[in-house]
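Topology and contacts: notes
Given next are the chains, with one letter for each unit.
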Amino acid sequence: RAIMQFVKVAQLGKTVKEVSLDTDATVATALEAAELRSAGFEVRLNGAPCAGTEKTRSGDIITLVPQIKGGH
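These lines cover the structure that appears in this document, whether it is placed above or below. This structure is a prediction, so every number in the text was calculated from the model and none was measured.

In terms of regular secondary structure, the protein is built from one helix and five strands. Counted from the first residue to the last, the protein has its helices and strands arranged as β-β-α-β-β-β. The C-alpha radius of gyration computed for the protein amounts to 12 Å, which stays within 12% of the reference 11 Å derived for 72 residues, consistent with globular compactness. Overall, the C-alpha framework of the protein stretches about 55 × 20 × 15 Å when taken along its three principal axes. Considering only contacts within the protein whose residues lie at least 6 apart along the sequence, 45% involve residues at least 24 apart. By element, 52% of the accessible surface of the protein is carried by carbon and sulfur atoms, the whole surface being about 5,000 Å². With 9 positive and 8 negative side-chain charges, the protein shows a spacing of 5 Å between the two charge centroids.

What follows is the structure, given as structure tokens:
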């Protein structure tokens, strides 16, 4: 029997979903389960920027923060 974990995935200003994942899931797996894409967003795991390959743990919060485009 697989042990599951519960992770919250939030897109700032839009949606928060709680997804159930296998214990070896990654941030990218959680985004896929929540049916969210990271394009155009900075991905954060518990407030810290992450690449998407990090393993998740039950209770983690993944946040998609819109990238601020700046320049001259």
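Let us look at the side chain of Gln5. Mapped onto the elements, Gln5 comes out in strand β1 (residues 4-11). Within the structure, the side chain of Gln5 is placed 3.1 Å from the side chain of Thr56, a separation counted as a polar contact. A polar side-chain atom of Gln5 sits 3.2 Å from the main-chain amide nitrogen of Arg57. Filtering out sequence-adjacent residues up to four positions away, Gln5 remains in contact with Val19, Ser20, Leu21, Asp22, Thr23, Asp24, Ala25, Thr56, Arg57 and Ser58.

With that out of the way, let us pick up the side chain of Thr63. Within the secondary structure, Thr63 sits in strand β5 (residues 61-66). Of the residues examined, Thr63 reaches a relative accessible area of 16% and is grouped as buried. Apart from residues no more than four positions distant in its own chain, Thr63 is found in contact with Ala10, Leu12, Glu42, Val43 and Arg44.

Turning next to the pattern of salt bridges. Counted according to the given criterion, the structure contains one salt bridge. Glu42 is the partner of Arg44 in a salt bridge, and the nearest nitrogen-oxygen pair spans 2.9 Å.

Quick look at the sheet that holds strand β3 (residues 41-45) now. The sheet built from five strands is open, its strands ordered β2-β1-β5-β3-β4 with mixed pairing. Only two strands of the sheet have a single partner each, and these edge strands are β2 (15-22) and β4 (48-49). Relative to β5, β1 is paired through four bridges, and the arrangement is parallel. Within the sheet, the bridge partner assigned to Gln11 lies in β5 and is Leu64.

Cut-offs applied
- Residues numbered from 1 in each chain as written.
- Predicted model: local features only at pLDDT ≥ 70, side-chain atom pairs only at ≥ 80, totals over all residues.
- Heavy atoms only, no water.
- Helix = DSSP H or I, 4+ residues; strand = E, 2+ residues; numbered from the N terminus.
- Rg over C-alpha atoms; globule rule 2.2 N^0.38 Å.
- Contact = heavy atoms within 4.5 Å.
- Areas by Shrake-Rupley, 256 points an atom, 1.4 Å probe, with all protein chains shown as cover.
- Lys, Arg positive; Asp, Glu negative; His and termini not counted.
- Charge placed at Lys NZ, Arg CZ, Asp CG, Glu CD.
- Polar contact = N/O pair within 3.5 Å; in protein donor to acceptor, adjacent residues only side chain to side chain.
- Buried < 20%, exposed > 50% of the residue type's maximum accessible area, 1.4 Å probe, protein only.
- Salt bridge = Lys/Arg side-chain N within 4 Å of Asp/Glu carboxyl O.
- Pairing = 2+ DSSP bridges.

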